[in-house]
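# Tertiary structure, described
Spelled out from the first residue to the last, the chains are:
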Amino acid sequence: MLQSPYIEVPESEGACWGSWPAIGKALQQHLKQLGKARTILAVECYPGTYANIDMGFLKSTLSPNVVCRAEDLFLEENEIRQRIGPGFAKTPRADANLPVTIASFFDPQKLASIQETIAEIETGIILVHGVGAHLIAQPDVLVYSDVSRYELIQRLRRKDITNIGVDNRELGYDLQYAWSYFIDWPLGDHIKQQLLPSCDYILETNNWQRPKMVAGDALRSGFELALERPVYPSPFFDPELWDEDSPRQQPGELGVNFHLRVEEDNLLFKICDQLIEAPVVNLLFYKAHEFLGAEIRQTYGDRLPFYIQFFDHLQQQLPDINYYPDPAAMARHFGKTARHQDYYYAVRAHKNATILAGPGKNAEETAVKQQEYLSAKEWMGLLRALPLKKGSVACIPAGVVHSTGTGCQLLNIGIASPFFRQHLVSKKAGKRPHLSAPGANIASPLQALPPASVRPASLESAPYEDPFLELQQLPGGKQLELKDANQVRAICVVEGTSAWLTYGEGDRYQLLFGQVVLLPARLQRLTWEAPPGTTAILITIQP
């Protein structure tokens, strides 16, 4: 039997509602039970929810006496732009005059006026809706309207949504994403972290035509369960992957392909008879200490400090070329510091598999001018070729121009956000958002690869360890007790079809090939077990 893709929350009958009519009826009943002549319902929204559409449905089902949209109380758009800086839209930087809280978007006079009006109302339902709604009036019932980052990215691509207080749809996708990355999402995350532990309901609006609402206590019970077990984040739920009669994933095939981006991924809960998607970051915001661990949280803050992506270049002849800016370049171009390394684990490798990194013996450090464009073939002549074997690990520091391999399948583990990666030659350019360094098409001069990184390490003989990361290979054919780490880790089966983790009081979790599974810091007493021929890697970030 395949591992269920969702976490089932027991004793949750009557705690979830699907469809706008059912949601409206549940909220009406709650407001009526309060026994007040006047009730205030606040619907706080994550930036990028379809606020007007959602509010329209709520108005039709609740019939409120008064409706207040948070965005109507914001400063004028020109003033918001001036405060942030007129150049930010074209050259976004982390050290710009960025708003710290959503309160700075409100016009004080407009806010005071509506608060006086609300105070004078004695009867009826008052609906307050939008980003920052919880600040307008003290709610009797608080609903948090949520949406996954993965869905937000699709909405940005379609130009369905704009940014807080401004209409930025004239910007290109990467620049509108940058505005969200630097401003909207940090503000939304700050609000979410405040309200998630106490809100009455959470509204899941990934599909605005089929919304779902869950009682806050029920979803928080789900978070408690998730902190005590392995969790599989996914950008979406695909039922075909869990169809035992005709499974898509066959042995050795990449039905699920080595993916982890916690800021975009979701967890799936079954509450009552509904499947509820919740962003993985909600689990982090709910109890960051128990999810990340004290030392990781102290070093990296309230975020998971790594991501994982997969490159299938078994048949590719010409390499993709990129680099991650070093700390000086990050500060110069983006006003941001970032601790970064790239790690490439060879899941498969042909006989002549290579990864290119740093200048080769035929390239002088001054041979490449800053504005010069080079083709993939020209880069192949300039960069050093490092041979790769199955199970080997190549570590590439920030600032070193490198490829994503040829003749191999690579698992890329990165420490900082991929948004700042500079793509010099890429077939996937434009498919993932990235922020180009102003006036710098390539890293100049070419930085050499440190001597310790010239020969990729093999995990077959010993774990890989450096100041940033530890990678341990787990073989099949025997049981292994995994040492308690008191910090978040990740595990992934890279060979074979499946394995098992026993945890806690003897519960078992099935690991499938290609899935990246997170192990929260609270999770203890782990035992690995797999048939012969199965291999996994255990990923641990150094605090």
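Described in the following lines is the structure provided in the data block. (Residues numbered from 1 in each chain as written. Predicted model: local features only at pLDDT ≥ 70, side-chain atom pairs only at ≥ 80, totals over all residues. Heavy atoms only, no water.)

### Concerning the sheet that holds strand E27 (residues 526-529)
Spatially, E22-E27-E24-E25 is the arrangement adopted by the 4 strands of the open sheet, whose pairing is antiparallel. Looking at strand neighbours, the two that pair on one side only are strand E22 (479-482) and strand E25 (507-512), the edges of this open sheet. Strand-to-strand, the axes of this sheet are offset by a mean angle of 25 degrees, without reference to chain direction. Alignment of strand E24 (residues 498-503) against E27, held across 3 bridges, turns out to be antiparallel. Its bridge partner being in E27, Trp500 is matched across the sheet by Glu529. (Pairing = 2+ DSSP bridges. Helix = DSSP H or I, 4+ residues; strand = E, 2+ residues; numbered from the N terminus. Axes fitted to C-alpha atoms, helices over the stretch in contact; angles between N-to-C directions.)

### Re the side chain of Thr39
Relative to the helices and strands, Thr39 resides in strand E3 (residues 38-45). Excluding residues within four positions of it along the chain, Thr39 makes contact with Leu31, Leu34, Gly124, Ile125, Ile126 and Asp140. (Contact = heavy atoms within 4.5 Å.)

### As for the packing of aromatic side chains
Within the structure shown, the criterion is met by 20 aromatic pairs. Measuring from ring centre to ring centre gives 5.9 Å for Phe74 and Phe105, while their planes differ by 55 degrees; the resulting arrangement is tilted. With Phe74 in the loop between strand E4 (66-69) and helix H3 (77-84) and Phe105 in the loop between H3 and helix H4 (108-120), this pair connects stretches of sequence that are 31 residues apart. The exposure class assigned to Phe74 is buried, which follows from its relative accessible area of 5%. Residue class for Phe105 comes out buried when judged on its relative accessible area of 2%. Taken together, the ring pairs in this structure connect Phe88, Tyr173, Tyr177, Trp179, Tyr181, Phe182, Trp185, Phe334, Phe419 and Phe420 into an aromatic cluster. Note that Arg149 overlies the ring of Trp185, its terminal NZ or CZ placed 4.0 Å from the centroid. The lysine or arginine in question, Arg508, covers the ring of Trp500, its NZ or CZ lying 4.5 Å from the ring centre. (Phe/Tyr/Trp six-rings, centres within 6.5 Å; stacked < 30°, edge-to-face > 60°. Buried < 20%, exposed > 50% of the residue type's maximum accessible area, 1.4 Å probe, protein only. Lys NZ or Arg CZ within 6 Å of the ring centre and 35° of its normal.)

### So, the packing of helix H5 (residues 149-158) against helix H6 (residues 173-195)
At a closest axis distance of 11 Å, the pairing of H5 and H6 adopts a crossing angle of 145 degrees. Seen from above, H5 lies across H6 with right-handed handedness. Packed against H5, whose contacting residues are Arg149, Leu152, Ile153, Leu156 and Arg157, the element H6 presents Tyr173, Gln176, Tyr177, Ser180, Trp185 and Asp189 at the interface. Looking at the contact of H5 with H6 residue by residue, the class counts come to 6 nonpolar, 2 polar and 3 charged. (Left-handed = near helix turned anticlockwise from the far one by under 90°. Nonpolar A, V, L, I, M, F, W, Y, C, P; charged D, E, K, R; others polar.)

### Brief notes about unusual backbone geometry
One non-glycine residue with positive phi stands out, namely Ser63, at about 50 degrees. At Cys272, a position not held by glycine, the phi torsion is positive, near 55 degrees. Position of Cys272 among the secondary structure elements: in the loop between strand E9 (266-271) and strand E10 (274-279).

### Overview of empty space enclosed by the protein
In total, this model carries 5 cavities of 30 Å³ or more according to the counting rule given. A class-by-class count of the residues in the lining of the second largest cavity yields 10 nonpolar, 1 polar and 1 charged. (1 Å grid on protein atoms, 1.4 Å probe; cavity = no way out; pocket = protein on both sides within 12 Å on 5 of 7 lines; lining within 4 Å. Points joined across faces, edges and corners; volume = space filled by probe spheres on them.)

### What about the pairing of strand E11 (residues 307-313)?
Burial within E11 is extensive, with 6 of its 7 residues counted as buried. Bridge analysis of E11 against strand E17 (residues 406-414) gives 7 bridges, and the strand direction is antiparallel. By the bridge assignment, His313 is partnered in E17 with Cys408.

### Digging into the side chain of Thr205
Among the structural elements, Thr205 can be located in the loop between strand E7 (201-204) and strand E8 (212-215). What makes Thr205 buried here is its relative accessible area of 1%. In this structure, Thr205 is in contact with Thr49, Asp54, Ser145, Asp146, Val147 and Arg155, ignoring residues within four places of it in sequence.

### Section: a nonpolar patch on the surface
On the surface, a cluster of nonpolar side chains totalling about 220 Å² of accessible area is made up of Ile53, Phe57 and Trp208. Residue position: Ile53 is located in helix H2 (residues 51-62). On the basis of relative accessible area, Ile53 is assigned to the partly exposed category, the value being 32%. (Patch = residues over 30% accessible without salt bridge, like charges linked within 9 Å, V, L, I, M, F, W, Y side chains within 5 Å. Areas by Shrake-Rupley, 256 points an atom, 1.4 Å probe, with all protein chains shown as cover. Salt bridge = Lys/Arg side-chain N within 4 Å of Asp/Glu carboxyl O.)

### Focus: the sheet that holds strand E1 (residues 7-8)
Pairing in this open sheet of 3 strands is mixed, and the strands run E1-E9-E10 from one edge to the other. With partners counted over all chains shown, the strands left at the sheet margins are E1 and E10, one partner each. In the packing of helix H7 (residues 216-226) onto the sheet, contacts are made with E1, E9 and E10, and the angle to E9 comes to roughly 120 degrees.

### Looking at the nonpolar core
Core analysis: the biggest nonpolar cluster contains 154 residues, and Leu27, Ile136, Ile271, Ile491, Leu518 and Trp528 have the highest contact counts within it. In terms of residue count, H6 provides more of this core than any other element does, 10 residues in total. Other than its neighbours up to four places away in sequence, Leu27 contacts Leu41, Leu58, Leu62, Val141, Val143, Tyr201 and Met213. Membership of the second largest hydrophobic core comes to 14 residues, among which are Tyr344, Ile355, Leu410 and Leu449. (Core = buried A, V, L, I, M, F, W, Y, C linked by side-chain atoms within 4.5 Å.)

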